[in-house]
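If you want the building blocks of each chain, they are given just below.
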Amino acid sequence: MTATVSGLPPILLCGIVFLNLVHTCACEDLNNSTPSTSLGGDQTKRNPQFKATLNAHGHMLDVLDEYGEAFVAFARNTTNPVADLGVAFGFTTKEILKTGATVYANDLSEDMLKELNNSLTEEERLRCILKPGNALELDFEPGSLSGVLALRWFHFLTGPQIREVIHKFFTWLEPGGKVVITCSTPYSGRARSFIPEYEERKAAGEEWPGFTTKQIQEVGGLLKRESFHKMEPVILERELKLAGFDVEKAGFLTRSYYPAHWQLDGREYCGVIGVKPKNL
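Within any chain, residue numbers begin from 1 and follow the written order of that chain's sequence. Only residues with pLDDT of at least 70 get local features here, since the model is predicted, and only at 80 or more are side-chain atom pairs given and counted; chain-wide, interface and lining totals rely on the full set of residues. Just so you know, side-chain values use all the structure's heavy atoms and leave hydrogens and water out.

**Side note on the state of the cysteines**
Where two cysteines share a covalent bond between their sulfur atoms, that bond is called a disulfide. Cysteine sulfurs are considered disulfide-paired once they come within 2.5 Å of each other. All told, the structure shown has zero disulfides when counted by the stated rule. Left unpaired, Cys183 is separated from the closest cysteine sulfur, that of Cys270, by 5.2 Å. The buried label applies to any residue whose accessible area, calculated with a 1.4 Å probe on protein chains only, is under 20% of its type's maximum; exposed applies above 50%, and partly exposed to all values in between. Relative accessible area serves as the criterion here: at 0%, Cys183 is assigned to the buried category.

Put into structure tokens, the structure is as follows:
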């Protein structure tokens, strides 16, 4: 199976597919506040590490929440490859590779993917296809993937982009395949000043109440980005159902290992697991 980008042929070099695309990335939110490199967390019983990305798109977090853990457990029994999108330095990719699965690892940064490649064993490299470029521009053969993982980058997208890429996920997946998505919510210390506006827009019935191009005030400075998109589980669930998925699980996620001023009430993140019906 060969993954391609519409209108652009892939160039295969030493087992790596390079795509000449830009935009979008995974990881934690981009802003001027830099967390400590080691933060305690009772959720993981250890000190997760925040590693700054090379392309200034936030930080990679080397811990799996319950949604990431569910995807890794699912990957143990897959027969087709899975796609890990927006991997940064590839912590999640390496966790998936431990299961024996074959993984397409995507990120905006070729350099970070090369660092991932250099950290793998020879056997793991045979099961890891690196795909630099824009996750929104990727394309796979219909039904060719067993799973798609998209952790901590949907808050960089607009509503139409979210809807389009979820429909792509549905097409790429085989019947019974799973998608796992996590995203930041408005209910965090960092976005506290945006909550009243979000609640007002939500009450008014706006389709995407958490999308804004405003910069919001946070403790210690501004949350600076051209735009951000805060979501709740109900929105992710809605979009998966619109694409044809059955929703296996959706809910809020606490981030107890975050810096204190990033936390709020245990709803800092949200996640969803969708399953493509087997009868398709």
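**Thoughts on the pattern of salt bridges**
A carboxyl oxygen of Asp or Glu within 4 Å of a side-chain nitrogen of Lys or Arg is what we treat as a salt bridge. Evaluated as defined, the whole model comprises 12 salt bridges. Between Arg201 and Glu206 there is a salt bridge, with its nearest N and O atoms 3.0 Å apart. It is possible to trace a salt-bridge network through shared partners that takes in Arg163, Glu207, Arg238 and Glu239.

**Remarks on the packing of helix α5 (residues 159–172) against helix α7 (residues 233–243)**
Axes here refer to lines fitted to C-alpha atoms; in helices the fit is confined to the stretch in contact. Angles between the N-to-C directions go from 0 to 180 degrees. Helix and strand labels come from DSSP, where a helix needs a run of H or I of at least four residues and a strand needs a run of E of at least two; each type is numbered from the N terminus. As a packed pair, α5 and α7 sit with axes 9 Å apart at the nearest point and diverge in direction by 50°. Taken together, the axis directions place α5 and α7 in an arrangement best described as oblique. The element α5 and its partner α7 pack so that their crossing is right-handed. Along the contact surface, α5 presents Ile162, Arg163, Ile166, His167 and Phe170, while α7 presents Arg238, Glu239, Leu240, Leu242 and Ala243. Across the contact of α5 with α7, the residue classes tally to six nonpolar, one polar and three charged. Roughly parallel covers angles under 35 degrees, roughly antiparallel covers those over 145, roughly perpendicular covers 65 to 115, and oblique covers all other angles. Crossings are classed by handedness, with left-handed meaning an anticlockwise turn of the near helix from the far one by less than a right angle and right-handed meaning a clockwise turn. By definition, residues are in contact when any of their heavy atoms lie within 4.5 Å. Polar here means any residue other than Ala, Val, Leu, Ile, Met, Phe, Trp, Tyr, Cys and Pro, which are nonpolar, and Asp, Glu, Lys and Arg, which are charged; Gly is therefore polar.

**Regarding helix α6 (residues 195–203)**
Residues of α6 that are buried: Ile195, Tyr198 and Arg201. One side of α6 carries all its buried residues, which in axial view fall inside an arc of 130°. Within α6, the exposed residues directed more than 90 degrees away from the buried face are Pro196, Glu200 and Ala203. Against β12 (211–212) and α7 lie the buried residues of α6. Positive phi appears at Gly205, one or two residues downstream of α6, with a value of about 85°. Note: the arc covers the axis-to-C-beta directions of the helix.

**Details of the side chain of His155**
As for its position among the elements, His155 is in the loop between β10 (145–151) and α5. A polar contact of 3.2 Å, which involves the side chain of His155, links it to the backbone oxygen of Arg152. A 3.5 Å cut-off defines polar contacts: any pair of N or O atoms within that distance qualifies, except that in protein one atom must be a possible hydrogen donor and the other a possible acceptor, and neighbouring residues in sequence count only when both atoms are side-chain atoms.

**Describing the environment of Glu239**
Tracing the sequence through the fold places Glu239 in helix α7. For the pair Glu239 and Glu164, spaced 75 residues apart in the sequence, the C-alpha separation amounts to 9.7 Å. If we ignore the near neighbours within four places in the chain, the residues touching Glu239 are Ile162, Arg163, Ile166 and Trp208.

**Regarding the environment of Met112**
Checked against the element boundaries, Met112 lands in helix α3 (residues 110–119). Separated by 25 residues in the primary sequence, Met112 and Val87 have C-alpha atoms spaced 8.7 Å apart.

**With respect to the confidence of the model for the protein**
Detailed conclusions should not be drawn from predicted coordinates in areas where pLDDT is low. Mean pLDDT over the protein stands at 80; residues scoring 70 or higher make up 72%. Values of pLDDT, which run from 0 to 100, indicate the predictor's confidence residue by residue. Here residues 1–46 scores under 50 on pLDDT; set against residues more than four positions off or in separate chains, the count is 155 contacts.

**Some words on α5**
A helix is expected to span 1.5 Å multiplied by its residue count minus one. The end-to-end C-alpha distance of α5, which contains 14 residues, comes to 20 Å, matching closely the 20 Å that a straight helix rising 1.5 Å per residue would cover. Those residues of α5 lying buried are Gly159, Ile162, Val165, Ile166, Phe169, Phe170 and Trp172. End-on, the buried residues of α5 take up no more than an arc of 165°, which puts them together on one face. On its buried face, α5 is in contact with β6 (82–85), β9 (138–139), β10, β11 (173–184), β15 (228–229) and α7.

**Some words on the packing of aromatic side chains**
Note on ring pairs: Phe, Tyr and Trp rings are taken, using the six-membered ring of Trp, and paired if centres are within 6.5 Å. Classes follow the plane angle, with under 30 degrees stacked, over 60 edge-to-face and the rest tilted. The full count for this structure, using the stated rule, is 11 aromatic pairs. Taken together, a centroid distance of 6.3 Å and an interplanar angle of 55° make the contact between Phe71 and Phe74 tilted. Placement of both Phe71 and Phe74 in helix α1 (residues 66–75) is noted, with a separation of three residues, approximately one turn of the helix. By relative accessible area, Phe74 is classed as buried at 19%. Geometrically, the ring pair formed by Phe140 and Trp172 is edge-to-face, given 4.9 Å between the ring centres and 70° between the ring planes. Of this pair, Phe140 sits in the loop between β9 and β10 while Trp172 sits in helix α5; the two residues are 32 residues apart in sequence, bridging distant segments of the chain. Connected via pairs of aromatic rings, a cluster forms that spans Tyr104, Phe140, Trp153, Phe154, Phe169 and Trp172. Two limits define a charge over a ring: the Lys NZ or Arg CZ must be within 6 Å of the ring centre, and within 35 degrees of the ring normal. Seen from the ring of Tyr67, Lys249 lies directly overhead, with NZ or CZ sitting 4.9 Å from the centre. Seen from the ring of Phe170, Lys276 lies directly overhead, with NZ or CZ sitting 4.8 Å from the centre.

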